[in-house]
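# Analysis of the macromolecular model
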Number of protein chains: 2
Amino acid sequence: MAKAPVLTPQADDFPRWYQDLINKAELADNGPVRGTMVIRPYGYGLWERMQQGMDARIKQAGAQNAYFPLFIPQSYLTREAEHVEGFAPELAVVTHAGGKELEEPVVVRPTSETIINEYFSKWVQSYRDLPLLINQWANVVRWEMRPRLFLRTSEFLWQEGHTAHATQEDARDYAARIHREVYEGFMTDVLAMDVVPGRKTAKERFAGAINTLTLEGMMGDGKALQLGTSHELGQNFAKAFHTQYLSADGEQEYVWQTSWGSTTRMIGALVMMHGDDNGLRVPPRLAHVQVVVLAIKGDDEVVAKVREVGERLKAVGLRVVVDDRTDTPFGRRAIDWELKGVPARVEIGPRDLEAGTAMLARRIPGGKEPVALDALAELLPKLLEEDQAQLLRESHERRVSRTVDVATVGEAAEAAATGWARIPWADLGVAGEAKLAEQGVTVRCL
Amino acid sequence: MAKAPVLTPQADDFPRWYQDLINKAELADNGPVRGTMVIRPYGYGLWERMQQGMDARIKQAGAQNAYFPLFIPQSYLTREAEHVEGFAPELAVVTHAGGKELEEPVVVRPTSETIINEYFSKWVQSYRDLPLLINQWANVVRWEMRPRLFLRTSEFLWQEGHTAHATQEDARDYAARIHREVYEGFMTDVLAMDVVPGRKTAKERFAGAINTLTLEGMMGDGKALQLGTSHELGQNFAKAFHTQYLSADGEQEYVWQTSWGSTTRMIGALVMMHGDDNGLRVPPRLAHVQVVVLAIKGDDEVVAKVREVGERLKAVGLRVVVDDRTDTPFGRRAIDWELKGVPARVEIGPRDLEAGTAMLARRIPGGKEPVALDALAELLPKLLEEDQAQLLRESHERRVSRTVDVATVGEAAEAAATGWARIPWADLGVAGEAKLAEQGVTVRCL
Ligand SMILES: [Zn+2]
Ligand SMILES: [Zn+2]
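I will try to describe carefully the structure that is included in this document. Along each chain, numbering runs from 1 in the same order as the chain's sequence is written. Ligands are numbered from 1 and chains lettered from A, in the order in which they are written. Totals for whole chains, interfaces and linings use all residues, but because this is a predicted model, local features are given only for residues with pLDDT of at least 70 and pairs of side-chain atoms are given and counted only at 80 or more. Working from all heavy atoms in the structure, the side-chain values ignore hydrogens and water.

Moving on, we get to the interface of chain B and chain A. Every residue pair with non-hydrogen atoms within 4.5 Å of one another is taken to be in contact. Opposite the 53 residues of chain B that make contact, chain A presents 54 residues. Summing both partners gives a buried area of about 4,300 Å² for chain B against chain A, and 63% of it is carried by carbon and sulfur. Should a side-chain nitrogen of Lys or Arg be within 4 Å of a carboxyl oxygen of Asp or Glu, the pair is scored as a salt bridge. On inspection of chain B and its partner chain A, the count reaches four salt bridges. Residues A:Asp327 and B:Arg128 are paired through a salt bridge, measuring 3.6 Å at the closest nitrogen-oxygen approach. For the purposes of these results, a polar contact is taken to be a pair of N or O atoms within 3.5 Å, where, inside protein, one atom must be able to donate a hydrogen and its partner to accept one; residues adjacent in sequence count only when each atom of the pair is a side-chain atom. The tally of links from chain B across to chain A stands at 26 residue pairs in polar contact (both at pLDDT 80 or more). By residue number, the principal contributor to the side of chain B that touches chain A is strand E5 (residues 92-97) of chain B, which donates six residues. Here the side of chain B that touches chain A is composed, by residue class, of 33 nonpolar, 11 polar and nine charged. By this definition, two strands are paired if DSSP reports at least two bridges between them. Per the convention used, a helix needs a DSSP run of H or I reaching at least four residues, while a strand needs a run of E reaching at least two, with both numbered from the N terminus. As paired strands, strand E5 (residues 92-97) of chain A and E5(B) are joined by five bridges and run antiparallel to one another. Bridging across to E5(B), A:Ala97 finds its partner in B:Ala92. By buried area we mean the combined loss of accessible area, with a 1.4 Å probe, across both parts when two parts are placed together. Amino acids outside the nonpolar list (Ala, Val, Leu, Ile, Met, Phe, Trp, Tyr, Cys, Pro) and the charged list (Asp, Glu, Lys, Arg) are all regarded as polar, and Gly is one of them.

Cis geometry is adopted by the peptide bond preceding A:Pro131, which originates at A:Leu130 and carries an omega value of -5°. Of note, A:Pro131 is situated in the loop between helix H5 (113-123) and strand E7 (132-141). Even without being glycine, B:Glu26 reaches a positive phi, approximately 60°. Structurally, B:Glu26 is set in the loop between helix H1 (14-24) and strand E1 (28-30). On the basis of relative accessible area, B:Glu26 is assigned to the partly exposed category, the value being 32%. The phi torsion at B:Phe150 lies on the positive side, around 70°, for a residue other than glycine. Positionally, B:Phe150 belongs in the loop between strand E7 (132-141) and strand E8 (155-165). Three labels apply to residues, based on accessible area from a 1.4 Å probe with only protein chains included: buried if under 20% of the type maximum, exposed if over 50%, partly exposed otherwise in between.

The next subject is the sheet that holds strand E16 (residues 320-323) of chain B. Residue and element names in this part refer to chain B. In spatial order, the strands read E16-E15-E17-E18-E19; together these five strands make up an open sheet with mixed pairing. Of all strands in the sheet, those with a lone pairing partner are E16 and strand E19 (368-372), marking the two edges. Ignoring strand direction, the axes of neighbouring strands in this sheet form an average angle of 25°. The sheet contact formed by strand E18 (residues 357-362) and E19 spans five bridges and is antiparallel. Looking across to E19, one finds that Met 359 is bridged to Pro 370. Lines fitted to the C-alpha atoms define the axes, with helices restricted to the stretch that makes contact. Angles between their N-to-C directions range from 0 to 180 degrees. Against the sheet, helix H9 (residues 300-315) engages strand E15 (291-295), E16 and strand E17 (344-348), with an angle of about 165° to E15.

It is worth spelling out the sheet that holds strand E11 (residues 224-234) of chain A at this point. All names here are of chain A. If you walk across this open sheet you meet the seven strands as E3-E7-E8-E14-E11-E10-E9, and the pairing is mixed. Two strands lie at the open edges of the sheet, namely strand E3 (64-65) and strand E9 (195-199), each paired on one side alone. As paired strands, E3 and E7 are joined by two bridges and run parallel to one another. Along E7, the bridge assignment pairs Asn 65 with Asn 135. Against the sheet, H5 makes contact with E7, strand E8 (155-165), E11 and strand E14 (256-263), and its axis sits at roughly 30° relative to E8, the strand it touches most.

Here we take up the environment of A:Ile58. Residues and elements named next belong to chain A. Following the sequence through the fold, Ile 58 ends up in helix H2 (residues 41-60). For Ile 58, a relative accessible area of 0% puts it in the buried group. Separated by 77 residues in the primary sequence, Ile 58 and Asn 135 have C-alpha atoms spaced 7.9 Å apart. Here Ile 58 is in contact with Ala 63, Asn 135, Trp 137, Gln 159, Val 182 and Trp 260, once residues within four sequence places are set aside.

Read these as geometric descriptors, not functional statements.
Next comes the structure, spelled out in structure tokens:
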């Protein structure tokens, strides 16, 4: 029996499939103000798990969290010339507050390099104060002309790290450490994403940086998405904000700085990386719901059993939801959990009670089979680790099979239509980059 | 030997003592834009622990986290008449974005009732969708004419809960449950604050609410501070935003709603509740640093020992910092940890190594005595629980000793100069409330 698909198939229209999924899996809605977004509880649950996992890694790398104001005096932005040029077209500006016109308009932070440097210049006095390693979790605003939920939104959530070091080498090492241990580590181990680390070209660099490290992932349509960047800022902001320290030799020196960020875009990447025509597939290590235990019907015995099984699975450390909303048809609930990409569904009905079994539906490999209720608590953690590995393997295989080595700009443009092209920078160069840009192809990563 | 005090003594000038402490304990700095605040790592660490503790209680009460946009169309605010009247003087308005003047200015959220109701009206269709229990952790902006760090800031961090229920009774019960289990429970059990629950008068109520529950704590100067409020919104926002559901009987009904919030003001309350002339005293259950292990001198052996002791104390679940920054004088570091209110300091120097002891300084009861190094891991968790109980006891005793029963408006005003006055509402009434307001006295709590 052929059913009308719940989502537009990926092969028909990938962007529409993406939009359908975000909507039907209840991840997010468009906000009322252009480009803003409402992150719904299921989508926010993914973000909370990302925050927890990343935050632990950030603290492991020695940084501490703090919070800097949303509002930045407009004059701060202009102190670093490249920075203001890069961000000026995207700024949101508050001109009135407290019932009056402000003397100096304030900008809603697009990023916090400037305001953080203002304070670093007060807090850093001596070499003993270095390195200063700060991170903040916050919302930022960059006005977006072509918004897409999670991928490009006028307001997004992120973490931004900002550090000051005594030497360029220290700063370089720390940016690389964050890139490897926090971003690459988390995306590989938890998000099951095969990502490629590299550097950005001068054209694609962060406004104000001397070097930008990036991670690029290949999405289901063969396109690249940037996931987490780490910048070496050199002494650009230090000079603009007079962030200096007294060295052990008694000299006043400018600090060397880094900044690094990752955003709610990771949720969009998760969708495009692991989603299929039936919905999202959430890597089990990330999932805030790893297992859903469903009552097929509303019998008292069935409901009691799903609750009991739910408790037993929670007791072995699994993240479990019990779905006993039997006033909603079972089929609709099953499709809903499939759309949401919960890795394991344990379905229990009256017949299962007698047999002491449940149907186990696995979202990642697909398929459904009966399993003894008593075996679930031991079996599920192993199956979930298998599922985690499968997603990473699929991600890797896609990238390898859809990346081709090319020698000319023409070949690169052709390959970029369905995947990635790898070309020596010596053969491309700035001129080749400009030529590719005309055809809508970006040099992602050196 | 008399030392110059590090802080202005409380008895000399309580507000100045507060400001000194916030600054010298490195909790926060003033931001560059009027009334904004930079929360420094030590202050933010307190907030993170508050977030974790409250968030667990909020989830225990069945609410889920989500995220709604920072920017609200100005027209939303005006739909509920009392609400806009209450917030209009405090709004910050974005008039320009993306390099253009906006067609409709957008408001930076002062609270999210309006925008959340816009979405509730889409998400709620049937009685099966109720109750809908949502919380968000976010920044909000209310322009502040007389800012004070943590207590009144133009931007602050908070959680705001928003719920929709089928009946008024459900809504009322849920507001009361949050108030008791989340706010009163957390403040009593973790913050060691003796708080008084009650209701606000019509005059002091939230703009748009039909009933506001409050918790009031008595600070070190005998004044009251509002800590967490829960509002019954009735059907005011439901009618303004057409938030209706189809009842089991097939009728379209308006939902009944609640909202409830608590903010970074809790950090200010913590300071004013438990601080003394030597600095902050952090309740051990809250403290992100419960124990600091200090090397008195930079000997290799001493440094090795403090690290070893630190690891042993972490292994029993304590939150520990090892301070081996021996290029900074010991006395300065000790005063710094005292200012920051870390409950226990374990100080180890060369002489202690021979004796197998350390000096244990306890911030809450005060005093210092030698303790065998081997006894610390067993002893400290017990002492910290004693300290926690002591802070709550002191908080309770202050309130009881400084609250007097009065019969007239005149007596109430007099008592309010040094503490709290309790007067039957029948003896006060709206006229009495207005009279007290002329003398700067507020009716905090019914
Ligand atoms: Zn004007
Ligand atoms: Zn204009």
